Amino acid sequence: MVTETMTTPPRTMMEVFKTLPEGTMAQLIENNLVVAAAPLDRHQYIVNEIYPELALFIKKAKLGTTRVAPYDVFLDRKNAYQPDICFISTKATPDTIQWLLWSARPGD
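Focus: the overall build of the chain
Along the chain, the regular secondary structure elements total 2 helices and 7 strands. Counting helices and strands in the order they occur from the N terminus, the chain gives α-β-β-α-β-β-β-β-β. Within the chain, the fraction of its 108 residues that count as buried is 25%. Considering only contacts within the chain whose residues lie at least 6 apart along the sequence, 38% involve residues at least 24 apart. Total accessible area on the chain is roughly 7,600 Å²; 56% of this is exposed by carbon and sulfur atoms.

What follows is the structure, encoded as structure tokens:
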């Protein structure tokens, strides 16, 4: 998260987002600040299984680079996301934003 020092009160939700402390689990979605709890252990386990394989493949193929959450991706003035895994192509940025989603029901 990019933390900026403000000398005047924020005027937009993006300005509010940029003043949040580093590490805050928050995203700006359609100009709405969405704060979430830390991911569950199972979620982190899956990210940690996928990310090294993906990063190694992308590096060996010289396709670009990768980032793992938390990493802010600013799409426009109303949207800033923290995807689980982000692929940044040598041709354009970002090409792929990947979130891991599943049911949070016990036993899943």
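Observations regarding the nonpolar core
Of all hydrophobic cores here, the largest spans 6 residues; its members are Met 14, Phe 17, Leu 20, Ala 26, Leu 28 and Ala 80. Every element with two or more residues in this core is listed here: helix H1 (13-19) and strand S1 (26-29). In this structure Met 14 touches Leu 28, Phe 74, Asp 76, Arg 77, Lys 78, Asn 79 and Ala 80, once residues within four positions along its chain are discounted.

Quick word on helix H2 (residues 41-60)
Counted at 1.5 Å a residue, the expected span for H2 with its 20 residues is 28 Å, and the 29 Å between its end C-alpha atoms agrees. Every buried residue of H2 is listed here: His 43, Val 47, Ala 55 and Ile 58. Where H2 is buried, its residues contact strand S3 (64-68) and strand S6 (85-89). Immediately downstream of H2, the backbone of Lys 62 shows phi near 55 degrees, a positive value.

A short note on the packing of aromatic side chains
Taken as a whole, this structure holds 1 aromatic pair when the rule is applied. Between Phe 17 and Phe 74, the aromatic rings sit 6.0 Å apart at their centres with planes inclined by 80 degrees, giving edge-to-face as the arrangement. Note that Phe 17 is positioned in helix H1 and Phe 74 in strand S4 (residues 73-76), a separation of 57 residues in sequence. Across the ring face of Phe 74, the terminal group of Lys 18 is positioned such that the distance to the ring centre comes to 5.4 Å.

Points about the side chain of Gln 27
Mapped onto the fold, Gln 27 is located in strand S1. Residue Gln 27 is classed as buried on the basis of its relative accessible area of 18%. A distance of 2.9 Å separates a polar side-chain atom of Gln 27 from the backbone nitrogen of Gln 82.

The rules behind these values
- Residues numbered from 1 in each chain as written.
- Predicted model: local features only at pLDDT ≥ 70, side-chain atom pairs only at ≥ 80, totals over all residues.
- Heavy atoms only, no water.
- Helix = DSSP H or I, 4+ residues; strand = E, 2+ residues; numbered from the N terminus.
- Buried < 20%, exposed > 50% of the residue type's maximum accessible area, 1.4 Å probe, protein only.
- Contact = heavy atoms within 4.5 Å.
- Areas by Shrake-Rupley, 256 points an atom, 1.4 Å probe, with all protein chains shown as cover.
- Core = buried A, V, L, I, M, F, W, Y, C linked by side-chain atoms within 4.5 Å.
- Expected span 1.5 Å × (residues − 1).
- Phe/Tyr/Trp six-rings, centres within 6.5 Å; stacked < 30°, edge-to-face > 60°.
- Lys NZ or Arg CZ within 6 Å of the ring centre and 35° of its normal.
- Polar contact = N/O pair within 3.5 Å; in protein donor to acceptor, adjacent residues only side chain to side chain.

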